[in-house]
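Close look at the chain arrangement
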Amino acid sequence: MTLKGVLNADSAKGTISRNIYGHFSEHLGRCIYEGIWVGEDSPIPNTNGIRNDVVEALKQIKIPVLRWPGGCFADEYHWKDGIGPKEGRKRMVNTHWGGVVENNHFGTHEFMELCEQLGCEPYINGNVGSGTVREMSEWVEYLTFGGVSPMAELRGQNGRKEPWKATYFGVGNENWGCGGNMRPEYYADEYRRYQTYVRNYDGNRIHRIACGANSDDYNWTEVLMREAGRFMDSLTLHYYTLPNDDWQNKGPATGFDEKAWFSTLRKALRMDELITRHSTIMDKYDPEGRVGLIVDEWGTWYDVEPGTNPGFLYQQNTIRDALVAGLTLNIFHKHNGRVRMANIAQTVNVLQAVILTEGEKMILTPTYHVFDMYKVHQDAELLDLSLDCGSYRLDDGEIPAVTATASRDGQGNIHISFCNLQHDAEAKVVIDVRGLAAEGLAITGSTLAGGKLDAHNTFEQPNTVVPKPFDAFALEGGKLTVNLPAMSVTTLELAAEA
Ligand code: AHR
């Protein structure tokens, strides 16, 4: 198959916010405990209780923002349980996720320290479902108030005199479901009330985030924008990719057939339609585009790994997940006008994780490598790339064979990323490169490919799916020809100077 396209290298279409490369970490399974927090006394190398290997790996992919403490956990979390001397912190049952004991050893101070170690922005999600307005208001005061106040004093007693900078604050999570089973009209009013007391202290400007829709619940977006749009900075969207629509039988993470490969990619591609339709509603109430759309939970959701706690949502991660990540990031780029942040679920050991751990061992998943290859697009200018995406058919279904995106970074380097969704066929892409002098360009590439549908990394063989140098391209007479391997994610760099 040969696919033709045009890249207008001198036509920029807005900035790709680095925050769409954000992550989400919840008190769920082994994400926070074991995956991130091991405690100061652990034999696993750590800094103030936080795993060094995980921090280093996340810094490598330039994690820009991290959402915490949930998820459904957020609407059951009472932040005061997680401050003060650890031995005195409340022990409770994590009712939502596996019924395990939560000792609250990872709380506000530990999360803010994690963000400091990572060099990323914190995104804290407050509790509307079972918390009070006062509780939420005091959390913001505790985090950000610099003068004399009860919460600033309490923070000082707990060892932190200076306030933190905390920009992103979510007012509830999935309040249509685990966050209180509310109707949109009711939540819109609750949102208006709670956010009133999420105050800006000492020059800290909070970006207020309202709970948005589940998948294609367009009525939720309509009501929220109509009733509360002017009180929010962003509205969220949650969308998960399941191979089968049946939540009791979603399909396995490995050992699947072509049907599941195809249906997973087809469903992941639906993100484009969802963003387009939610954005259309937002445009009606906010034509200037002031309110951002934050996709703060996305990714694949499979049956848990056999033998693991069903409440822990632990799953393997294959080249199929790498393609879901790549094609989804391509979609986010395309919608850079409205989509200002996204947070893949979840960072470590849960759902479409970029990192898996087992005791002191850590592996990087194929999804991690996509985030690594795509970090060059963070804060870059989206370029006008049109591509005949071809078609990949199975039974009566049809999806694009290839999806692609291009951007120019601050140094003038151009990066083009391609996802070849076909598991059994290469794709030849010929791009007419316009608005760019070819002389003196140095082109390099890397590709992440899978030898089989469920190629993945294990603790025994951690390097089965890793990026490899890629040179199956040529630029001649203004035409860039690229031969993409089957089931691959590929990034090319056209460096400004040889
Ligand atoms: O990411 C797992 C769960 O999925 C989150 O807790 C919840 O917000 C969503 O339903």
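1. Quick look at the sheet that holds strand β23 (residues 468–469)
Read across the sheet, ten strands follow the order β23-β22-β26-β20-β19-β16-β1-β21-β25-β24 without closing on themselves; strand pairing throughout is mixed. Only two strands of the sheet have a single partner each, and these edge strands are β23 and β24 (473–476). With six bridges connecting them, strand β21 (residues 427–434) and strand β25 (residues 479–484) associate as antiparallel partners. Across the sheet, the residue bridging to I431 is L480, located in β25.

2. A closer look at the sheet that holds strand β12 (residues 292–300)
Note on sheets: strands pair through backbone hydrogen bonds, and any given pair is parallel or antiparallel. Read around the closed barrel, the eight strands follow the order β2-β5-β8-β9-β10-β11-β12-β13; overall the barrel is parallel. The mean inter-strand angle of the sheet, taken between neighbouring strand axes irrespective of direction, is 30°. By the bridge criterion, four bridges tie strand β9 (residues 168–171) to strand β10 (residues 207–214) in an arrangement that is parallel. Bridging from a neighbouring strand, Y168 pairs with H207 of β10. Helix α2 (residues 108–118) contacts β5 (65–68) and β8 (121–126) of the sheet and is inclined by roughly 150° relative to β8. Helix-sheet contacts for helix α5 (residues 184–196) involve β9 and β10, and the interaxial angle to β10 is about 165°.

3. Thoughts on the pattern of salt bridges
Counted according to the given criterion, the structure contains 34 salt bridges. Across the pair E110 and R89 runs a salt bridge, and its minimum N-O distance is 3.1 Å. With E110 in helix α2 and R89 in the loop between β5 and β6 (92–94), this pair connects stretches of sequence that are 21 residues apart. A single network of salt bridges, built from pairs that share partners, joins E40, K86, R89 and E110.

4. Considerations on the environment of E76
Within the secondary structure, E76 sits in the loop between β5 and β6. With relative accessibility at 30%, the residue E76 sits in the partly exposed group. For E76 and C178, which are 102 residues apart along the polypeptide, the C-alpha to C-alpha distance reads 9.4 Å. When near neighbours in sequence (up to four residues on either side) are disregarded, E76 contacts M92, T95, H96, N127 and S130. In terms of polar contacts, E76 uses its side chain to reach the side chain of T95, at 2.8 Å.

5. Some points on the packing of helix α1 (residues 52–60) against α2
Remark: α1 packs on α2, axes separated minimally by 9 Å, with the N-to-C direction vectors making an angle of 50°. Accordingly, the angle class assigned to the pair α1 and α2 is oblique. Of the residues in α2, those in contact with V55, L58 and K59 of α1 are L114, Q117 and L118. Residue classes in the contact of α1 with α2 are distributed as four nonpolar, one polar and one charged.

6. Section: the pairing of strand β20 (residues 414–420)
Counting buried positions along β20 gives seven out of seven residues, so the element sits mostly inside the fold. Pairing of strand β19 (residues 402–408) with β20 involves seven bridges; the strand directions are antiparallel. Opposite T403, over in β20, you have C419 as the bridge partner. In terms of strand pairing, β20 meets strand β26 (residues 488–495) through seven bridges, oriented antiparallel. Each bridged residue has a counterpart across the sheet, and for I414 the counterpart in β26 is L494.

7. A look at the state of the cysteines
Applying the stated criterion to the full structure yields one disulfide. The residue that forms a disulfide with C72 is C178, at a sulfur-sulfur distance of 2.1 Å. Given an S-S torsion of about -85°, the disulfide between C72 and C178 has left-handed geometry. Here the residue C72 occupies a position in the loop between β5 and β6, and C178 occupies one in the loop between β9 and α5, the gap between them amounting to 106 residues. The thiol sulfur of C120 is not disulfide-bonded, and the nearest other cysteine sulfur, from C115, lies at 4.0 Å. Of all cysteine sulfurs, the one in C389 lies closest to C419, which takes part in no disulfide; the gap is 10 Å.

8. Digging into the environment of G229
Among the structural elements, G229 can be located in the loop between α6 (218–228) and β11 (234–241). Judged by relative accessible area, G229 falls into the buried class, the value being 6%. Residues G229 and L394 lie 165 residues apart in sequence; the distance between their C-alpha atoms is 42 Å. Not counting residues up to four positions away in its chain, the partners in contact with G229 are L224, R290 and V291.

9. Re the site of the ligand
Residues in contact with the ligand amount to 13 residues; listed here are only the nearest, E26, C72, E174, Y240 and E297. Residue E26 places a side-chain N or O atom 2.7 Å away from an oxygen atom belonging to the ligand. Here N173 contributes a side-chain N or O atom positioned 3.1 Å from an oxygen atom of the ligand. Summarising the interface, the protein chains cover 93% of the accessible area of the ligand, which totals 280 Å² for the free molecule. Assessed atom by atom at 2 Å from the grid points, the ligand resides in the largest pocket. Of the residues contributing to the shell around the ligand, the split by class is seven nonpolar, three polar and three charged.

Analysis parameters
Residues numbered from 1 in each chain as written. Predicted model: local features only at pLDDT ≥ 70, side-chain atom pairs only at ≥ 80, totals over all residues. Heavy atoms only, no water. Pairing = 2+ DSSP bridges. Helix = DSSP H or I, 4+ residues; strand = E, 2+ residues; numbered from the N terminus. Axes fitted to C-alpha atoms, helices over the stretch in contact; angles between N-to-C directions. Contact = heavy atoms within 4.5 Å. Salt bridge = Lys/Arg side-chain N within 4 Å of Asp/Glu carboxyl O. Buried < 20%, exposed > 50% of the residue type's maximum accessible area, 1.4 Å probe, protein only. Polar contact = N/O pair within 3.5 Å; in protein donor to acceptor, adjacent residues only side chain to side chain. Parallel < 35°, antiparallel > 145°, perpendicular 65-115°, else oblique. Nonpolar A, V, L, I, M, F, W, Y, C, P; charged D, E, K, R; others polar. Disulfide = S-S within 2.5 Å. Near = heavy atom within 4 Å. Areas by Shrake-Rupley, 256 points an atom, 1.4 Å probe, with all protein chains shown as cover. 1 Å grid on protein atoms, 1.4 Å probe; cavity = no way out; pocket = protein on both sides within 12 Å on 5 of 7 lines; lining within 4 Å. Sits in = over half its atoms within 2 Å of the grid points.

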